[in-house]
Amino acid sequence: MTSRNRSARILVTALGGATLLGLTGCGTGVTAAAPTQSADTAVTIENCGRSVVVPEPPSAVVGLHPSQTESLLRLGLADRLVGQAQATVQALPDDVAALAEGIPVLGADTPPNRETLLAAEPDFVYSPTTYEFTAEQGFASLEQLEEAGVAAYVATGGCFDRRMEGTVDDLFGDLENLGAIFGVEQEAAALIEDAEADLAEVDAAVEEVDERLRVAQVYVDGTTLTAIGAGIEYDILRRAGAEAVFTPEDPAFADFFAAEITPEALAAAAPDALVFAATDPAHEAAARAYLTATFPDMPAVQEERLIAISTSDTFPGTLGNISVVHRIAQALYPDAFA
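Residues numbered from 1 in each chain as written. Predicted model: local features only at pLDDT ≥ 70, side-chain atom pairs only at ≥ 80, totals over all residues. Heavy atoms only, no water.

## Concerning the pattern of salt bridges
Moving on, step 1. All chains considered together, the criterion is met by eight salt bridges.
Moving on, step 2. The closest approach of N and O atoms between D169 and R239, which form a salt bridge, is 3.2 Å. Remark: R239 occurs in helix α9 (residues 231-239) and D169 occurs in the loop between β8 (151-154) and α7 (170-182); sequence separation between them is 70 residues.
Moving on, step 3. Because the salt bridges share partners, they merge into one network encompassing E70, R74 and D95. (Salt bridge = Lys/Arg side-chain N within 4 Å of Asp/Glu carboxyl O. Helix = DSSP H or I, 4+ residues; strand = E, 2+ residues; numbered from the N terminus.)

Now the structure itself:
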């Protein structure tokens with residue numbers, strides 16, 4: 001797989017792959033209702049417009065993306081993981097990487113095909129988006145997993161009808177649900193408390209900023225520019241104290257949160273800063289070189305405010321949603337964090 005094709009595939013996934021492929025995903029709604037639990041310890045979660053019934057705490061789990069695998073590890077569930085997928089897309093943080101060393105890799109840079117996933121005999125899978133359940137791509141569909149007795153949970157922000165309106169706070173509902181499913185409510189509460197404290201620190205810092213910077217978020221693939229104007233990515237900018245150049249109110253983002261734009265359109269917007277997602281160091285270097293060479297007179301380039309973030313940190317249901325808010329805010333307003 002060439003680096004360009006790999007970048008394009010990751011963009012499809014990160015930008016809500018099921019939507020880009022014209023699929024209906026896993027349902028027609030999202031509910032934040034608390035999970036229900038019966039006397040026999042079964043837990044029922046409303047997820048992506050469907051009821052996910054977990055008869056007992058899962059013991060054979062697959063994280064379908066490193067972001068989801070990380071959350072499961074941080075919840076203390078390493079001994080229940082029987083597989084991890086898309087493992088080469090993003091390196092796990094150093095403090096949890098060792099915990100994943102013995103977990104079988106079911107897919108290197110793609111989700112596992114249906115046969116590989118079912119061969120691992122999971123009873124629960126956790127995914128960032130509905131893309132990982134696209135039958136047309138050879139993956140196990142939600143219906144097929146249900147027939148096999150496998151409970152499947154999609155991060156709230158990755159649900160088909162939520163992808164345009166997802167927020168950073170969606171992560172907290174996911175962690176609460178995982179806590180209830182696995183019986184690790186205290187561990188989930190601790191992660192939420194830490195994340196809320198991190199966001200509170202950002203809120204306090206940017207509140208003191210007198211003049212908010214105008215920020216455009218883009219994705220660069222070769223010489224193709226994609227602007228981000230809605231979804232979790234937009235909320236990340238908002239939480240970081242940015243005045244977003246591209247917003248959900250713009251007609252270009254009425255139906256989808258990403259839109260290809262011309263260099264002339266981005267130049268005319270003249271943002272004070274550019275946030276761009278990168279898949280790896282080589283992609284970051286190429287994107288930075290393109291932006292610098294193409295927009296030498298742009299305030300963002302003149303002031304050296306080209307802020308690279310990991311594509312994986314924008315995936316729904318990842319703790320990276322929190323850390324990237326802090327990273328962007330600190331890069332925009334360093335004096336506020338001094």
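## Focus on the nonpolar core
Side chains of nonpolar character tend, in soluble globular proteins, to be buried together.
Moving on, step 1. Formed by 59 residues in total, the largest nonpolar core has its most connected members in F124, F182, V215, I328 and L332.
Moving on, step 2. Among the elements that take part in this core, helix α8 (residues 185-207) stands out by supplying eight residues, more than any other.
Moving on, step 3. Once residues lying within four places of it in the same chain are set aside, the contact partners of F182 are P57, P58, V61, L72, L77, R80 and F124.
Moving on, step 4. Membership of the second largest hydrophobic core comes to 23 residues, among which are V245, A269, V301 and L306. (Core = buried A, V, L, I, M, F, W, Y, C linked by side-chain atoms within 4.5 Å. Buried < 20%, exposed > 50% of the residue type's maximum accessible area, 1.4 Å probe, protein only. Contact = heavy atoms within 4.5 Å.)

## With respect to the packing of aromatic side chains
Centre-to-centre distance and the angle between the planes together describe a pair of aromatic rings.
Moving on, step 1. One pass over the structure, following the stated rule, counts six aromatic pairs.
Moving on, step 2. Taking the centre distance of 4.7 Å and the plane angle of 45° together, the rings of F256 and F257 count as tilted. F257 matches F256 in its accessibility class, with the two residues each being buried.
Moving on, step 3. Consider the rings of Y290 and F295, whose centres lie 6.4 Å apart with planes at 90°: the pair is edge-to-face.
Moving on, step 4. Classification of Y290 as buried rests on a relative accessible area of 13%.
Moving on, step 5. The class for F295 is buried, based on a relative accessible area of 3%. (Phe/Tyr/Trp six-rings, centres within 6.5 Å; stacked < 30°, edge-to-face > 60°.)

## Brief notes about the sheet that holds strand β4 (residues 61-63)
Moving on, step 1. The strand order across the open sheet formed by five strands is β6-β5-β4-β7-β8, and the pairing between neighbours is parallel. Of all strands in the sheet, those with a lone pairing partner are β6 (105-107) and β8, marking the two edges. Direction aside, the axes of adjacent strands within the sheet are offset by 20° on average.
Moving on, step 2. Examined bridge by bridge, β4 and strand β7 (residues 124-127) share three bridges and lie parallel to one another. Bridging across to β7, V62 finds its partner in V125.
Moving on, step 3. Those strands touched by helix α3 (residues 66-74) are β4, β5 (81-85) and β7, and its axis lies near 150° from that of β5.
Moving on, step 4. Contacting β4, β7 and β8, α7 crosses the sheet at an angle of about 170° to β7. (Pairing = 2+ DSSP bridges. Axes fitted to C-alpha atoms, helices over the stretch in contact; angles between N-to-C directions.)

## Let's talk about the state of the cysteines
Moving on, step 1. Following the criterion strictly, the structure yields one disulfide and no others.
Moving on, step 2. In this model C48 forms its disulfide with C159; the gap between the sulfur atoms is 1.9 Å. Measuring handedness by torsion sign, the sulfur bridge of C48 and C159 sits at about -85° and is left-handed. A residue pair is termed long-range when its members are at least 10 positions apart, and C48 in the loop between β2 (43-47) and β3 (50-54) and C159 in the loop between β8 and α7 qualify at 111 residues.
Moving on, step 3. The class of C48 is buried, set by a relative accessible area of 2%.
Moving on, step 4. The class for C159 is buried, based on a relative accessible area of 1%. (Disulfide = S-S within 2.5 Å.)

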